[in-house]
Amino acid sequence: MTSLLHTCEPPSLRLRFSLHRRSRLGGRTATPSHVSLPPRSRRLAAARAAMTTASDELGKGIAEFYDESSGLWESIWGDHMHHGFYEAGAPATITGHRAAQIRMVEEALRFAVVSDDPLKKPKRIVDVGCGIGGSSRYLAKKYGAKCEGITLSPVQAKRAQALATAEGLEDQVSFQVADALKQPFPDGQFDLVWSMESGEHMPDKTKFVGELARVAAPGATIIIVTWCHRDLSPSEESLQPNELNLLNKICNAYYLPAWCSASDYVKIAQSLSLEDIKTADWSENVAPFWPAVIRSALTWQGFTSLLRSGWKTIRGALAMPLMIEGYNKKLIKFAIIACRKPM
């Protein structure tokens, strides 16, 4: 995990050229065994294979982490597995946190100007990194839409479907285990593409946004709410060593690859010719979240549930103060990026 932060830097022109070159070759990356590669090509092939292995290991770690921790989260916080949106500077109460999570969904829709007009509201929605389906069910009920959710966690997919059935939404909402970087959907299927706090888990941010754009129908809205690092100043080529060290520790706890900035996401969206691109920093609005999670973990229910959940969940809990440190140092940013696929 530590090496991922240094080898998967935010997408560059070289990476985009590499992805474009692979797409021209029909996605083929393997070389027939009878072809003798020059030394440089062998090194590139070895590096590519190592990155594929690292990506596979990352995906396995993410799935196991959420397999293990989702039940604990649901028992304390409910079915919305994401930050809450709080008024900046306003005190947060324990009873208000679940309402703040719903407010996060509504604020994201408002920011992206998703219409409630019966003729314009979304009818087909994909929830990329759906957790146990809180957003999927909320959006399906709000818009009367069909919603499909994908997650790497079999435990999450099963629980999400069970909750949908319990709410009478089994004909409207469905879930499956799938990779966000290789979505099992045809081109242009959805008129709202929703990703609530899953982008931080993606080892290839360009491919991630590319897949969101691919499954979006012409004119569809794409919403990405994700953890980012601060934007670099014009004189900086990378984050400072102490900042990288802090992010590395968080990566190890939460199965995260390289972080990128909101401006990196904007550049990716521009490179894909997406339109109406806008972003906002909601860090102040989520500031009460991590202290609240820590307080919930220190209750008797939280403590005993945490011990039963397993080491991956415990390690994640121990890293929560690092998230607070990152926010306090203005290193971690909670960002929303909204855009639209051209007609």
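For the structure, check the block above.
Bear in mind the structure is a predicted one, so any value in this text is a computation, not a measurement.

Student: Help me out: how do you make sense of the nonpolar core in this one?
Tutor: Proteins that are soluble and globular tend to have nonpolar side chains buried together. One finds Leu109, Ile223, Ile250 and Tyr254 to be the most contacted residues of the largest nonpolar core, which totals 54 residues. Ranked by the residues each element gives to this core, the list is headed by helix α8 (residues 241-254), at seven residues. Of all hydrophobic cores here, the second largest spans 30 residues; its members include Ile150, Phe185, Val193 and Ile268.

Student: What's the story with the packing of aromatic side chains in this structure? I'm lost.
Tutor: What describes a pair of aromatic rings is the distance from one ring centre to the other and the angle between the planes of the rings. Evaluated as defined, the whole model comprises five aromatic pairs. On the numbers, 6.1 Å between centres and 90 degrees between planes, the contact of Trp227 with Tyr254 is edge-to-face. Residue Trp227 is found in strand β5 (residues 216-229), and its partner Tyr254 is found in helix α8; the two are separated by 27 residues along the sequence. For the pair shown, Trp227 and Tyr254 are each scored as buried.

Student: Explain unusual backbone geometry here, please?
Tutor: Leave glycine aside and you will find that most residues have negative phi; peptide bonds, for their part, are mostly trans. Located in the positive-phi region is Ser273, a residue other than glycine, with phi close to 60 degrees. Among the structural elements, Ser273 can be located in the loop between α9 (262-271) and β6 (275-281). On the accessibility criterion, Ser273 (49% relative accessible area) is partly exposed. Residue Lys330 is not a glycine yet carries a positive backbone phi of 65 degrees. Here Lys330 is to be found in the loop between α14 (320-328) and β7 (332-340).

Student: Would you explain the pattern of salt bridges in this entry?
Tutor: Side chains that carry opposite charge are capable of pairing whenever their charged atoms lie near each other. Considering all chains together, one arrives at 14 salt bridges under this definition. Measuring nitrogen to oxygen at the nearest pair gives 2.8 Å for the salt bridge that ties Asp276 to Arg340. Within this pair, whereas Asp276 is found in strand β6, its partner Arg340 is found in strand β7, the two being separated by 64 residues in sequence. Asp276 sits in the exposed class, given a relative accessible area of 51%. A residue is classified by how much of its surface remains accessible, and Arg340, at 23% relative accessible area, is partly exposed. Salt bridges sharing partners connect three or more residues here, namely Glu106, Asp116 and Lys142.

Student: Can you help me understand the environment of Ala178 in this one?
Tutor: Among the secondary structure elements, Ala178 is positioned in the loop between β3 (173-177) and β4 (190-196). Note on Ala178: relative accessible area 12%, which makes it buried. When the C-alpha positions of Ala178 and Thr151 are compared, they lie 5.7 Å apart, and in sequence the two are 27 residues distant. Excluding anything up to four places from it in sequence, Ala178 contacts Ile150, Thr151, Leu152 and Pro184.

Student: In this structure, what is going on with the side chain of Glu107? I would like to understand it.
Tutor: Turning to its location among the elements, Glu107 is positioned in helix α4 (residues 97-111). A relative accessible area of 17% means that Glu107 is categorised as buried. A distance of 2.8 Å separates polar atoms of two side chains, one belonging to Glu107 and the other to Arg110. Other than its neighbours up to four places away in sequence, Glu107 contacts Phe85 and Trp282.

Student: Could you clarify how one ought to interpret the environment of Ile150 in this entry?
Tutor: Looking at the element boundaries, Ile150 is found in strand β2 (residues 146-151). Note on Ile150: relative accessible area 1%, which makes it buried. Separated by 18 residues in the primary sequence, Ile150 and Ile132 have C-alpha atoms spaced 9.7 Å apart.

Student: Even after reading the chapter, I still don't get α4, so can you show me in this structure?
Tutor: Because an α-helix completes one turn every 3.6 residues, residues spaced three or four positions apart along the sequence face the same direction. Across its 15 residues, α4 extends 21 Å between first and last C-alpha, which sits within 8% of the 21 Å expected from 1.5 Å per residue. Considered for burial, the residues of α4 that qualify are His97, Ala100, Gln101, Met104, Val105, Glu107, Ala108, Leu109 and Phe111. Following α4 by one or two positions, Val113 has its phi on the positive side, about 55 degrees.

The rules behind these values
- Residues numbered from 1 in each chain as written.
- Predicted model: local features only at pLDDT ≥ 70, side-chain atom pairs only at ≥ 80, totals over all residues.
- Heavy atoms only, no water.
- Core = buried A, V, L, I, M, F, W, Y, C linked by side-chain atoms within 4.5 Å.
- Buried < 20%, exposed > 50% of the residue type's maximum accessible area, 1.4 Å probe, protein only.
- Helix = DSSP H or I, 4+ residues; strand = E, 2+ residues; numbered from the N terminus.
- Phe/Tyr/Trp six-rings, centres within 6.5 Å; stacked < 30°, edge-to-face > 60°.
- Salt bridge = Lys/Arg side-chain N within 4 Å of Asp/Glu carboxyl O.
- Contact = heavy atoms within 4.5 Å.
- Polar contact = N/O pair within 3.5 Å; in protein donor to acceptor, adjacent residues only side chain to side chain.
- Expected span 1.5 Å × (residues − 1).

As far as function goes, none of this settles anything; it's purely spatial.
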